[in-house]
Protein chains: 4
Amino acid sequence: MNTFGTIFRLTTFGESHGSAIGGVVDGMPAGITIDEDFIRSEMARRRPGQSALVTPRKEADEVELLSGIFEGRSTGAPIGFVIRNTDTRSGDYSEAQRWYRPSHADYTYDQKYGFRDYRGGGRASARETAVRVVGGALAKMVLRERGISVEARLKQVGCETTPEGMEALIQQVKSEGDSIGGIVGCTITGCPIGLGEPVYGKLHAALGAAMLSINACHGFDYGAGFNGVGMRGSEQNDTFVRRADGTIGTATNHSGGIQGGISNGEPITFRVLFKPTPTVLRAQQTVDSEGNEGVLTMKGRHDPCVAVRAVPVVEAMAAMTVLDYYLMYRATSGF
Amino acid sequence: MNTFGTIFRLTTFGESHGSAIGGVVDGMPAGITIDEDFIRSEMARRRPGQSALVTPRKEADEVELLSGIFEGRSTGAPIGFVIRNTDTRSGDYSEAQRWYRPSHADYTYDQKYGFRDYRGGGRASARETAVRVVGGALAKMVLRERGISVEARLKQVGCETTPEGMEALIQQVKSEGDSIGGIVGCTITGCPIGLGEPVYGKLHAALGAAMLSINACHGFDYGAGFNGVGMRGSEQNDTFVRRADGTIGTATNHSGGIQGGISNGEPITFRVLFKPTPTVLRAQQTVDSEGNEGVLTMKGRHDPCVAVRAVPVVEAMAAMTVLDYYLMYRATSGF
Amino acid sequence: MNTFGTIFRLTTFGESHGSAIGGVVDGMPAGITIDEDFIRSEMARRRPGQSALVTPRKEADEVELLSGIFEGRSTGAPIGFVIRNTDTRSGDYSEAQRWYRPSHADYTYDQKYGFRDYRGGGRASARETAVRVVGGALAKMVLRERGISVEARLKQVGCETTPEGMEALIQQVKSEGDSIGGIVGCTITGCPIGLGEPVYGKLHAALGAAMLSINACHGFDYGAGFNGVGMRGSEQNDTFVRRADGTIGTATNHSGGIQGGISNGEPITFRVLFKPTPTVLRAQQTVDSEGNEGVLTMKGRHDPCVAVRAVPVVEAMAAMTVLDYYLMYRATSGF
Amino acid sequence: MNTFGTIFRLTTFGESHGSAIGGVVDGMPAGITIDEDFIRSEMARRRPGQSALVTPRKEADEVELLSGIFEGRSTGAPIGFVIRNTDTRSGDYSEAQRWYRPSHADYTYDQKYGFRDYRGGGRASARETAVRVVGGALAKMVLRERGISVEARLKQVGCETTPEGMEALIQQVKSEGDSIGGIVGCTITGCPIGLGEPVYGKLHAALGAAMLSINACHGFDYGAGFNGVGMRGSEQNDTFVRRADGTIGTATNHSGGIQGGISNGEPITFRVLFKPTPTVLRAQQTVDSEGNEGVLTMKGRHDPCVAVRAVPVVEAMAAMTVLDYYLMYRATSGF
C-alpha cells in the first residue's frame, strides 16, 4: 500500500538507489496557487548534508512537477512529480548485499518478496520521505489559505531535552559511530472544530497511523500522553470555559485538541518517537541469507539521530492528514 | 468511517442508549467452524458489572448472529449480528443533556453534527467496543487455526505496575469518585514472517491506528518504545542469530517483532495507553450549549480505570488487524 | 465486498433463507428528517406477491431501524437496520441442494467457497436487493432536499416496448413456465453540474458499476447508448445553447447528462438490461456436485420477468450513487 | 479519483499537453520478469499515426520505468513510470480556448474546477489511456504466467460488422470530417473458477466500471447482453454438462463466463460501446464561457473512430481488473 489518504491522497514510488523517486498527489483542490519556492524550501529542511548533525549524503532533490498545474494554479487534476537520484554511491553497500543489517528491513524484505534491491535501503530507505515532504508542501499551501498551520520541532534526544544537551549528545554518539533516538513534538493550530470521523476514523488515530508510517517511528501519543499516566481524571479533564469573546474553550489542553476523535478547536498536540537509526559504524553480529553467522561492520555515511531530519517529515504527514480530514469534513458537514 | 479493515472488515453501528448495537464482518474466509461459546466467553471478559473494579452497569450482551453461517461454518458471506441494549437507565444522564461533560465527546459532536443523542455517550460510548469484541472473536477463530495467538494484559495503572498496587490504586480512586489511566501490553505470537505492507501500510502503523481508535486511547508504542529513548543504536539493534534448529532469529526483540514495517517472526509486542476515563463523580466547571458557565456533578455508574476492560478490546483489534494483514499477505505472496 | 460507496456507504448482509437480512448506512449527513413511511412505501414497490406479474412469495419486509436516528432525525452516526425473513418455504428448494441450477450462482459459489447455503439463492438471492431499497430510500431523503429526483421505469420486455405488449408477453412466458428479459430506463433530474471524478471515477462508470451489481443485470448504457451506434459524431454531439434565462444548456441530450464523466446539468439518462431470470419451471439438463448428469425441474414460485421488480432497485442504486458523488463533490469544490 | 483497482492498483497523472504523463503500479507481485519489449509493443498497438484510419498525431511514447524493478524482475515495490509528451502542437487548439467544444469535457471541467487547461483535452484527453496500456502490459505479464489471456478486437463500426465494411465506413466518415462509433468485443480465457466477490464486487460490475472509465465509452454488456433481450430463460440458460475429461462446463455461454458475479471457468466475453469521437471537422453551434453563442469549426487532427485505438485499452483495463480480482481471490480462497 503505497498510497496515503482518502480524499487528499499521496501515492509514492522509488528506491534510494534507483533512477528516481516520486509521487502523485490526488485530490488537490483546484485554483490553489502553487508556490514552487516553498516546495524547495521545505525540501531543504529535510535534506541531508546540511550540518554536522546529519548524514553527509548529498541529495540535489530537484522536484520536477509534471502535471496538474496550469498557469501557476492547481487544476484539480493529479500532480505527478519526480525527484532524480543523483548521489548514489552504491559501493558503500556491498557488504550489505550479503549480510542482513540488524534492525533494518533487509531480512524481512528478502523473506517477504523472495529477493530485494540490496543497494541502500531500497524501498525501505528514508529517501522515500523526500516525496512525503513534497506532498506535505502542497497540503500546506491549501491549509495556510484556511489559517491552519503545522509546526514540529525536536523535543528530546536520548534523555536530553535542552537544545545544547541534545546537540552535545548527537555529537557524542556520532563520534562513537553510534546512534540515538529522539522525540519530535508537533502542534497544529487554526484547525476548525469538527475534524475527525467516528469510530475508526478518529483524528488522532489517523495522525498516529501517519506518524507510525515514517521510517524509524516507534511510538505516538497525543495530549497528555504517556507522561500523563499518573494523573487522575479530575486533573486530566479539560474543563470548559467561556472566553471573553463569547466562544467556548478549555481551561487546559490535556486532550491535545481532540475529544472523542474530533478536533475541539484547541491546538492539536502530539509526540512522535524515533528509535536510534539502526545504521551504526560498529561491528555487529548477524547472519547472511544462507543462515551463516558473521560480523558486519558498516562504513560510510550515517545519521546519528534521524529524529533531527524527521521534523519536516512529521509536519508533512500531519499537513496531509489534516487536509484530508478537512476535505472529508466538507463532504458531510453543514447540511 | 465506521468500517475497520481492508479485506477482513468490520462495520459497526449503534449507540449506548439506542435499541441495539451491532456490526457486519466481511471477508471472513469460508469453512471456518464458528464457536459461539467462544464469542460468549470473549464478551464476558469485556462485560461491565463483573467486579468491584469496573462499572456496575449490566449488559446482557447476547450476540445474535444473523447471516454468513451455515451448518456451523462460515460461508464466506458477511456475518451480520446485533446485540440488544437492555440496561439503559437514561435517567442518569439528564444533567448531561444540558452541560457538556469535560473531556467527553459531547461538545465536539454537537459542533460537528449540529445536535447529538445526549443519552449516554451516544455513538462515542465505549459500548461500541462490544461489537469489536465479536469481530475479534471471529478473527481469532481463523488465527488459531494458523497457530497465531493474541494476548493482552494490564501492565500499569497510574504509576503502579504490580497486580496488588494496581488493584489498590483502582480501589482508591474509585472511593474518591475519581479515575486513573493505565497501560495495556499485547503480544502476538506465531505470526508468519512477511506481514505488513510498505510504505503506508506498515504493520505497526496499522496496529497503532487500530489501538488509537479505541475509546480513551491516548498513545501507542511498540518494541522498546518510549522506554527505549535513552538507548544507543548499538544497544537497541536486534542482532541476528542462527538458532539450533537452523532458523534465523534475533537475539533481542527491541524491534517488537516488526522490522521495516514487516513482521520478522519474533513475538509482536506493543503497548496501549488509556487516559483516565473523563467520567468522575466530582463537581467540574463546564458550559452549556448556549455558552453559560456552570458546575456539573455526574452521578451513578463509572469505570475508575477503563484500561481494565480495554484488555479484550485491545486483543480484538489486534486480532482483526493481524488477520487482515495475513489475508493481504496471501494475496501477493509466493508468486 | 459487501460495501457499496465511498462516502455514503451501504454495507449489507443476509441470505434469502437465513433469519434476517440487513445493512448499515454510513455517511448519512446529520439533521435529515427520517421518513419511515417513505421507507415502507419504497419497500412496497419492490415487494413480491403484489400482482400476477411477479413471484407470489410474500415478504413482510418490516424494516427495523436500530441506530443513527434521534428524535426523528439522522445524527450522522451509522444507521443499522434489519429485515427479518419470514416466508421461507425451504422445502421448495430440496432438489436444488443436489443439482446445480443452470445460470444460477450455485456452481460458482460451491467452487469458490467449498460449500454453500443451498436454501434458496443464499447470498446470491435477489432478496438482498430489499436492503438496497432501504439504503436508496435514505439517500432519496437527502437528495430531495436538494431538488434531485431519481425515476426509473420499465421500458422494454423481450422486444415489446408498449405497456400492453409488455404485460401480455409476461403473462405468456409465465403461463409457459418460462422467463424473459427486460430493460429499465432511469432519469435523474436536478443534479448540479460537476458531479463525477476524472479519470476512474467518472459518474457514468459509477452508475454502471452500481447497476451491474444488481442481480441478473447484464448490460448498461447511457445517453444515446447502443442505439446510437449508427450515428455520426456531427449528429450525436450535443450543441451548446444559451437559454432564455441566460443559462447554458445543450440542444439535445445524447450525452445522457454526462460529459467527460461529469454531470453537465441536463437530465442524466441510462438504461439497465436484465436477463431472463434463470429460474424456469421446465426440465433442464444439469449436473450435480459430483459431476453426474441429470435433469432438474424446478417447481413453485418464480418471477417471469425480474426487470419488473428491479425498477425500485435501479432507483435505489442510482440514488445512492448520486448522493455519494454529491458528497465527494462537496469535499473539494468551491475552494 | 485517479487510482484504479484494489490490490493491483494503477494511479495515473498527466495532461495531453503538459510535460509528461505517467503512473504508479502498486501491488505488482514480486519476482515477475519484466519484459520491456512487450510494453513497447503494447504501446505501439495504441499509438496514433499508424494508419489512415487513425489520428496522424505522433507520440513517441517512450516509457521510462523508474522503480520497482531490480535485475530485470519486479521487487514488489511500486513501479513508477513517465512518458514524455513530445508532439504537442498547442496552436491547433486556440479556438477551443474560447469556445466549448460540443460533447467534450470543456464545459463540465470549467464548471467543476473554475478553470481548465484548455490545451487539448487536458486531463480528459484520451492521451491518458497510454498510461493504462503500460499498467495493462504489466498485468498481462503476471496473467500469462498463470495461463490467462485477454484478447479484444473491433466488432462493429457504425452498423458495419465485416472488416471491409468497417474500414470503408471509417474512410468515408473521415473524408466527411465526421466521426462514427463502434463496438469492441473482448474475451478472457484461462481464468480460474471463483474470481468475483459478492455482492457489490461482482466480476462483471468491475469489468463494466473499468470499461466505462475509458474515454468515449457509452455502454457495456456481457454474455448475451442487449442482443439477448428477446430470448426466453429456457433458451438463455447455460445448461451444465460433464465433459469428456470429467470436468464440468456449460453447453452454451450466454452467461459470458460469469454466474452470480463469479467466473465459472468458461471464456469471459463482453462488449464495449464507444460513441463517435466528438471532435469533428465541421462547423458546430456552441457558446463561450460568458454564454455568447457562436460557431466553432475545429481543424487539424482527429480520430474518425476511436473504437479502433481503444482495442488495446480495453485489453489493458480487462487485464488489470482480472489480475486485481485474481489477487483478491488468493487472499481468502482455499482456507
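Attention in this report is confined to the structure presented alongside it. What you see is a predicted model; the values in this text were computed from it and never measured. (Residues numbered from 1 in each chain as written. Chains lettered and ligands numbered in written order. Predicted model: local features only at pLDDT ≥ 70, side-chain atom pairs only at ≥ 80, totals over all residues. Heavy atoms only, no water.)

**A look at the overall build of chain A**
Phase 1 of the analysis: Scanning chain A from N- to C-terminus turns up 8 helices and 17 strands.
Phase 2 of the analysis: The C-alpha atoms of chain A give 21 Å as radius of gyration, which agrees with the globular expectation for 335 residues (20 Å, within 12%).
Phase 3 of the analysis: Counting only C-alpha atoms and orienting by the principal axes, one finds that chain A spans roughly 65 × 55 × 35 Å.
Phase 4 of the analysis: Evaluated residue by residue, chain A yields a buried proportion of 67% over its 335 residues.
Phase 5 of the analysis: Sequence-distant contacts in chain A: of pairs separated by 6 or more residues, those separated by 24 or more amount to 69%.
Phase 6 of the analysis: Accessible surface, chain A: about 10,200 Å² in total, of which carbon and sulfur atoms supply 46%.
Phase 7 of the analysis: Mean positive and mean negative side-chain charge positions of chain A (35 and 37 charges, respectively) differ by 1 Å. (Helix = DSSP H or I, 4+ residues; strand = E, 2+ residues; numbered from the N terminus. Rg over C-alpha atoms; globule rule 2.2 N^0.38 Å. Buried < 20%, exposed > 50% of the residue type's maximum accessible area, 1.4 Å probe, protein only. Contact = heavy atoms within 4.5 Å. Areas by Shrake-Rupley, 256 points an atom, 1.4 Å probe, with all protein chains shown as cover. Lys, Arg positive; Asp, Glu negative; His and termini not counted. Charge placed at Lys NZ, Arg CZ, Asp CG, Glu CD.)

**A short note on the pattern of salt bridges**
Phase 1 of the analysis: Tallying each qualifying case throughout the model produces 88 salt bridges over all chains.
Phase 2 of the analysis: When the shortest N-O distance is used, the salt bridge between Arg84 of chain A and Glu64 of chain D registers 2.9 Å. Pair noted here: Arg84 of chain A is in strand β7 (residues 79–84) and Glu64 of chain D is in strand β4 (residues 63–65), and the two residues belong to different chains.
Phase 3 of the analysis: Relative accessible area serves as the criterion here: at 30%, Arg84 of chain A is assigned to the partly exposed category.
Phase 4 of the analysis: Owing to a relative accessible area of 30%, Glu64 of chain D belongs among the partly exposed residues under this scheme. (Salt bridge = Lys/Arg side-chain N within 4 Å of Asp/Glu carboxyl O.)

**Some thoughts on the interface of chain D and chain C**
Phase 1 of the analysis: Contacts between chain D and chain C engage 100 residues on the former and 100 residues on the latter.
Phase 2 of the analysis: Of the roughly 7,800 Å² buried between chain D and chain C on both sides combined, carbon and sulfur atoms contribute 60%.
Phase 3 of the analysis: At the boundary of chain D and chain C, one finds 4 salt bridges.
Phase 4 of the analysis: The shortest N-O distance in the salt bridge between Glu176 of chain C and Arg232 of chain D comes to 2.5 Å.
Phase 5 of the analysis: Where chain D meets chain C, there are 47 residue pairs in polar contact (both at pLDDT 80 or more).
Phase 6 of the analysis: Of the residues in the side of chain D that touches chain C, the class split is 40 nonpolar, 41 polar and 19 charged.
Phase 7 of the analysis: Of the strand pairs in this sheet, strand β10 (residues 217–222) of chain C and strand β10 (residues 217–222) of chain D are connected by 3 bridges, and their pairing is antiparallel. For Asp221 of chain C, the partnering residue across the bridge sits in β10 of chain D and is Gly219 of chain D. (Buried area = accessible area lost by both parts, 1.4 Å probe. Polar contact = N/O pair within 3.5 Å; in protein donor to acceptor, adjacent residues only side chain to side chain. Nonpolar A, V, L, I, M, F, W, Y, C, P; charged D, E, K, R; others polar. Pairing = 2+ DSSP bridges.)

**Focus: the pairing of strand β16 (residues 283–287) of chain B**
Residues and elements named next belong to chain B.
Phase 1 of the analysis: Of the strand pairs in this sheet, β16 and strand β17 (residues 293–297) are connected by 5 bridges, and their pairing is antiparallel. The residue bridging Val287 from the neighbouring strand is Glu293, located in β17.
Phase 2 of the analysis: Taken together, β16 and the strand that follows it, β17, pair antiparallel across an intervening segment of 5 residues, in which Gly291 is found at a positive phi of about 95 degrees.

**Details of the relation of the copies chain D and chain C**
For the pair of chain copies, the relating transformation is a rotation about an axis with a translation along it.
Phase 1 of the analysis: Between chain D and chain C, the superposition needs a rotation of 180 degrees and an axial shift of 0.0 Å, giving an RMSD of 0.0 Å. Such a combination of turn and shift is consistent with a two-fold rotation axis.
Phase 2 of the analysis: With an isologous cut-off of 70% or more, the 100% of interface residues of chain D that recur at the interface of chain C puts this contact in the isologous class. (Least-squares fit on C-alpha atoms with pLDDT ≥ 70 in both.)

**Some thoughts on the packing of helix α6 (residues 203–212) of chain A against helix α8 (residues 306–332) of chain A**
All names here are of chain A.
Phase 1 of the analysis: One can describe the packing of α6 onto α8 by two numbers: an axis separation of 9 Å at closest approach and a directional angle of 145 degrees. Between α6 and α8 the crossing geometry is right-handed. The residues of α8 that touch α6, namely those facing Leu203, Ala206, Leu207, Ala210 and Met211, are Val314, Met317, Ala318, Thr321 and Tyr325.
Phase 2 of the analysis: Of the residues contributing to the contact of α6 with α8, the split by class is 9 nonpolar, 1 polar and no charged. (Axes fitted to C-alpha atoms, helices over the stretch in contact; angles between N-to-C directions. Left-handed = near helix turned anticlockwise from the far one by under 90°.)

**A few points about the nonpolar core**
The nonpolar side chains of a soluble globular protein tend to be buried with one another.
Phase 1 of the analysis: Phe270 of chain A, Phe270 of chain B, Phe270 of chain C together with Phe270 of chain D are the most contacted members of the largest nonpolar core, which has 316 residues in total.
Phase 2 of the analysis: Those residues within four positions of Phe270 of chain D in sequence are excluded, and the remaining contacts are Val184, Gly185, Cys186, Ile188, Leu207, Met211, Phe220, Asp221, Tyr222, Val314 and Ala318 of chain D. (Core = buried A, V, L, I, M, F, W, Y, C linked by side-chain atoms within 4.5 Å.)

**With respect to the relation of the copies chain B and chain A**
Phase 1 of the analysis: For the pair chain B and chain A, the best superposition has an RMSD of 0.0 Å and corresponds to a rotation of 180 degrees with a translation of 0.0 Å parallel to the axis.
Phase 2 of the analysis: Here 100% of the contact residues of chain B are again contact residues in chain A; the copies associate through an equivalent surface.

**What about the packing of aromatic side chains?**
Phase 1 of the analysis: Counted by the stated rule, this structure contains 38 aromatic pairs over all chains.
Phase 2 of the analysis: Summarising the aromatic geometry, the rings of Phe226 of chain A and Phe226 of chain B are spaced 5.1 Å apart at their centres and angled 50 degrees between planes, so their arrangement reads as tilted. Of the two residues, Phe226 of chain A sits in the loop between β10 (217–222) and α7 (233–236) while Phe226 of chain B sits in the loop between β10 (217–222) and α7 (233–236), which places them in two different chains.
Phase 3 of the analysis: Using a relative accessible area of 9% as the deciding quantity, one classes Phe226 of chain A as buried.
Phase 4 of the analysis: Residues Phe220 of chain C and Phe270 of chain C carry aromatic rings whose centres are separated by 5.5 Å and whose planes lie at 40 degrees to one another, so their mutual orientation is tilted. Here Phe220 of chain C is found in strand β10, whereas its partner Phe270 of chain C is found in strand β15 (residues 268–274), with 50 residues between them in sequence. Taken individually, Phe220 of chain C and Phe270 of chain C each receive the classification buried, so the pair is uniform in this respect.
Phase 5 of the analysis: Put simply, the rings of Tyr100 and Tyr107 of chain A together with Phe240 of chain B pair up and form one aromatic cluster.
Phase 6 of the analysis: Above the face of the Phe115 of chain D ring, Arg73 of chain A is positioned so that its terminal group lies 4.0 Å from the ring centre. (Phe/Tyr/Trp six-rings, centres within 6.5 Å; stacked < 30°, edge-to-face > 60°. Lys NZ or Arg CZ within 6 Å of the ring centre and 35° of its normal.)

**Looking at helix α3 (residues 106–113) of chain B**
Phase 1 of the analysis: Burial runs high along α3 of chain B: 7 of the 8 residues are buried.
Phase 2 of the analysis: For α3 of chain B, the full list of buried residues reads Asp106, Tyr107, Thr108, Tyr109, Asp110, Lys112 and Tyr113 of chain B.
Phase 3 of the analysis: Tucked inside the fold, the buried residues of α3 of chain B contact β11 (240–242), β12 (248–250), β13 (258–259), β14 (262–263) and α8 of chain A.
Phase 4 of the analysis: After α3 of chain B finishes, the residue Gly114 of chain B shows a positive phi value of roughly 90 degrees.

**A short note on helix α5 (residues 163–175) of chain D**
Residue and element names in this part refer to chain D.
Phase 1 of the analysis: Between its first and last C-alpha, α5 extends 18 Å over 13 residues, near the 18 Å set by a 1.5 Å rise per residue.
Phase 2 of the analysis: Restricting attention to buried positions, one finds in α5 the residues Gly165, Met166, Leu169, Ile170 and Val173. Projection of α5 onto a plane perpendicular to its axis shows the buried side chains occupying an angular sector of 130 degrees, all on one side. With respect to the buried face of α5, the exposed residues turned more than 90 degrees away are Pro163, Glu164 and Ser175.
Phase 3 of the analysis: Looking at the buried side of α5, the elements it contacts are β8 (149–157) and α8 (306–332). (Expected span 1.5 Å × (residues − 1). Arc of directions from axis to C-beta.)

**Re the sheet that holds strand β15 (residues 268–274) of chain D**
Phase 1 of the analysis: Across the sheet, 8 strands lie side by side as β8(C)-β9(C)-β15(C)-β10(C)-β10(D)-β15(D)-β9(D)-β8(D); this open sheet has antiparallel pairing. The sheet is open, and its two edges are formed by β8 (149–157) of chain C together with β8 of chain D, each paired on a single side. Neighbour-to-neighbour, the strand axes of the sheet open up by a mean angle of 20 degrees, direction not taken into account.
Phase 2 of the analysis: The pairing of strand β9 (residues 182–189) of chain C with β15 of chain C spans 7 bridges and is antiparallel. Opposite Thr187 of chain C, over in β15 of chain C, you have Thr269 of chain C as the bridge partner.

**A short note on the interface of chain B and chain A**
Phase 1 of the analysis: On the side of chain A, 100 residues touch chain B, which itself brings 100 residues to the contact.
Phase 2 of the analysis: A buried area of about 7,800 Å², summed over both sides, lies between chain B and chain A, and 60% of it is on carbon and sulfur atoms.
Phase 3 of the analysis: Along the contact surface separating chain B from chain A lie 46 residue pairs in polar contact (both at pLDDT 80 or more).
Phase 4 of the analysis: Counted by class, the side of chain B that touches chain A contains 40 nonpolar, 41 polar and 19 charged residues.

**Looking at unusual backbone geometry**
Apart from glycine, the bulk of residues carry a negative phi angle, and the bulk of peptide bonds sit in the trans form.
Phase 1 of the analysis: For the bond from Pro198 of chain A to Val199 of chain A, the omega torsion is 0 degrees, close enough to zero to count as cis.
Phase 2 of the analysis: Position of Val199 of chain A among the secondary structure elements: in the loop between β9 (182–189) and α6.
Phase 3 of the analysis: In this structure, Ser103 of chain B is a non-glycine residue whose phi angle is positive, near 60 degrees.
Phase 4 of the analysis: Mapped onto the fold, Ser103 of chain B is located in the loop between α2 (94–98) and α3.
Phase 5 of the analysis: The residue Ala216 of chain B is not glycine, and still its phi comes out positive at about 75 degrees.
Phase 6 of the analysis: Judged by relative accessible area, Ala216 of chain B falls into the partly exposed class, the value being 22%.

Remember that the coordinates give geometry; whether it matters functionally is a separate question.
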